[in-house]
Amino acid sequence: MIRNELEQYLRKAVPDAETIELTIPEHAQFGHFTTNIALRLAKARGKSPMDVAEEIAEKLRTVAPEGFFANIEIVRPGFVNIWIATGTIQNSFKEINEAKNNWGKPTTIEKQTVVIDYSGPNIAKPMGVGHLRSTVIGQALYNIFTFAGWNAIGDNHLGDWGKQFGVLIAAYKEDGKPEDISIDYLVGLYVAYSTRMKDVAAGGAELGEAARREVKKLQDGDEENLAIWKKFYAISIEEFKRMYNMLGVSFDHTLGESYYNSQLEGIVKVALEKNVAIESEGAIVIPIEGIEAPMIIRKSDGAYLYPTTDIATIKHRINEFKADCMLYVVGNEQAMHFEQLFSAVKKLGIVTDQKLAHIKFGLMLGEDMKKFSTRAGKTVSLLGLLEEAIARAKKVVDEKQPDLSEEERQKIAEVVGIGAVKYNDLSQNRQSDIVFNWDRMLNFEGNSGPYLQYTYARLKSILRKAENISTCDVDNLKDETELQVIMRLQEFPEVIESITKQYFPHYLTDYLYTLAKDTNAMYQKMPVLKAEENERNARLALIAAAAQTLKTGLELLGIKTLEQM
Ligand code: ARG
């Protein structure tokens, strides 16, 4: 990898630099790479940044092999801009070409175990758009960590215990426990009962009391309530699975909150013994410095809560999964919960040097910039959303590809529609609120899923037409557009590595979009199939590598590609 090699030379040339910061300038006139080391070292060396830059440039020329650089320039106030020689770039393509679908794997990752907590919908409640975001972002991170060589474990922490079951069981009993029920029935039951619970004048308080009694009974192992719970669980899981199938999502474990029930008492006991938890108005709480609200781990009626379960879950992930790192792909609105949780498990000594991170994300907004939510009381809306994406994609495909069969067009529409929804989510900085805009999502131009899928299919069609591709002599890749594509391909492992450090999937979408644009620019300028044989072979190899990288990248994002569309 060119970058790794360059870093080595810089380390030799600048032994007193703690870190080697190398960036790729946005504008080509500043070089292939630029570094600000001189600016950072000037003080320590007691010289002006420009003098230090000059020293670095000189040293760099001597430590690198003859012909590695095309040019090194220093510019005010002390940047060192670096151009890689054409021969170096050409040679670097050999490695990419040979790596095939392994291209992109970082070379320096340690083998660690990362547990990724994603999706986490709540049983007997509709899966919300927030859960959709968590599912899509979490699955992408899971794929990327796995590809990078980590031992990734995906765990779907279902909300399958807790107070909604009090409401549901109370309402279900009141309704005479009908045998044949659906997910819509359950959601309706939940919505109706909780609405009545809020109406004090109509006896809401008693209804609330009844709900609390039922959840307590469930947690204490009451057989009737447990049987009802199992029934609700099975109905919900069926519904979630339909959703996951449609999205092509899977998990290594689906240990919901209920899995930890038997451990909660012990957690509270130990927390009290260690003086980490205290009693407060009958409840047991863990006070956290800097956060006003304490974390409640047992209510005054003895019921355990979401935070208690999360403590038990972390213990399990460390003891059973041997987690080195735990990532929680959950919306911004739970920021305080995770701050409290992470601090509590450290106080309890459950977490020592393991890493914990809340992978936050913003809301999904509708085109009117208002919160986009699946209508309460309706479970079909999220499935409906995906169905609408497919239907809208179908319209576009029908127009673009009237010659394909209905069946083929439907298949393309499914891949494009679902891909567009995912890409829309992943291509925006996850921490901001994102806008759900059908037209932009399904646009075949611009930074969209369909544009990348379409670019891939077009590259594959060129390769199909070429039929026999023989060996590539890299010396034939001379045009600046070709060298640009090689340099872009060189970046791929870095992008993957940066996501394993910062957890931003949009780094990958940005990268793939730029790669697609560079590749399109190249083959629009350079003849491929009609070129003279040596050049033809070299360009085909380059196109094959770009196509492979697009496919690898899109698949890591959970987005399918098509050979033809
Ligand atoms: N069920 C939760 C919710 O819908 C999300 C679970 C997130 N994971 C966790 N370990 N707390 O808000």
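Anything mentioned here points back to the structure above.
Described in the following lines is the structure provided in the data block. (Residues numbered from 1 in each chain as written. Predicted model: local features only at pLDDT ≥ 70, side-chain atom pairs only at ≥ 80, totals over all residues. Heavy atoms only, no water.)

**Observations concerning helix 19 (residues 533-556)**
Part 1: Relative to the 34 Å expected for 24 residues at 1.5 Å per residue, helix 19 spans 34 Å between its end C-alpha atoms, a close match to the ideal helical length.
Part 2: With 17 of 24 residues buried, helix 19 is to be regarded as a mostly interior element.
Part 3: Its side-chain oxygen 3.0 Å from the backbone nitrogen of Asn534, Glu532 forms the N-cap of helix 19.
Part 4: Directly after helix 19, the chain includes Gly558, whose backbone phi takes a positive value near 80°. (Helix = DSSP H or I, 4+ residues; strand = E, 2+ residues; numbered from the N terminus. Expected span 1.5 Å × (residues − 1). Buried < 20%, exposed > 50% of the residue type's maximum accessible area, 1.4 Å probe, protein only. Polar contact = N/O pair within 3.5 Å; in protein donor to acceptor, adjacent residues only side chain to side chain.)

**Thoughts on the site of the ligand**
Part 1: The local shell around the ligand consists of Asp117, Gly120, Asn122, His131, His157, Tyr306, Asp310, Tyr328, Val330, Gln334 and Phe338.
Part 2: With respect to the ligand, the backbone of Gly120 contributes an N or O atom lying 2.8 Å from a nitrogen atom.
Part 3: Contact distances for the ligand include 2.8 Å between an oxygen atom and a side-chain N or O atom of Gln334.
Part 4: Here the ligand, which alone exposes 350 Å², has 89% of that area covered by the protein.
Part 5: Those elements that provide at least two residues to the shell around the ligand are helix 11 (306-319) and strand 9 (325-331).
Part 6: For the shell around the ligand, the class distribution of residues is 4 nonpolar, 5 polar and 2 charged. (Near = heavy atom within 4 Å. Areas by Shrake-Rupley, 256 points an atom, 1.4 Å probe, with all protein chains shown as cover. Nonpolar A, V, L, I, M, F, W, Y, C, P; charged D, E, K, R; others polar.)

**Focus: the pattern of salt bridges**
Part 1: One pass over the full model with this rule turns up 32 salt bridges.
Part 2: We note a salt bridge from Asp155 to Arg317, for which the minimum N-O separation is 2.9 Å. Placement of the pair is Asp155 in strand 5 (residues 151-155) and Arg317 in helix 11, with a sequence separation of 162 residues. Accessibility assignment for this pair places Asp155 and Arg317 in one class, buried. (Salt bridge = Lys/Arg side-chain N within 4 Å of Asp/Glu carboxyl O.)

**Side note on the packing of aromatic side chains**
Part 1: Here the structure, examined in full by the defined rule, presents 20 aromatic pairs.
Part 2: Taking 6.5 Å as the distance between ring centres and 65° as the angle between the ring planes, the aromatic pair formed by Phe165 and Trp229 counts as edge-to-face. Here Phe165 is found in helix 6 (residues 163-174), whereas its partner Trp229 is found in helix 9 (residues 223-247), with 64 residues between them in sequence. The same class applies to Phe165 as to Trp229, namely buried.
Part 3: Among the aromatic side chains, those forming a connected cluster through ring pairs are Tyr118, Tyr142, Tyr244 and Phe251.
Part 4: Sitting above the plane of the Tyr454 ring, Lys400 keeps its charged end 5.7 Å from the centroid.
Part 5: Positioned above the aromatic ring of Phe504 is the side chain of Arg430, whose terminal nitrogen or guanidinium carbon lies 4.2 Å from the ring centre. (Phe/Tyr/Trp six-rings, centres within 6.5 Å; stacked < 30°, edge-to-face > 60°. Lys NZ or Arg CZ within 6 Å of the ring centre and 35° of its normal.)

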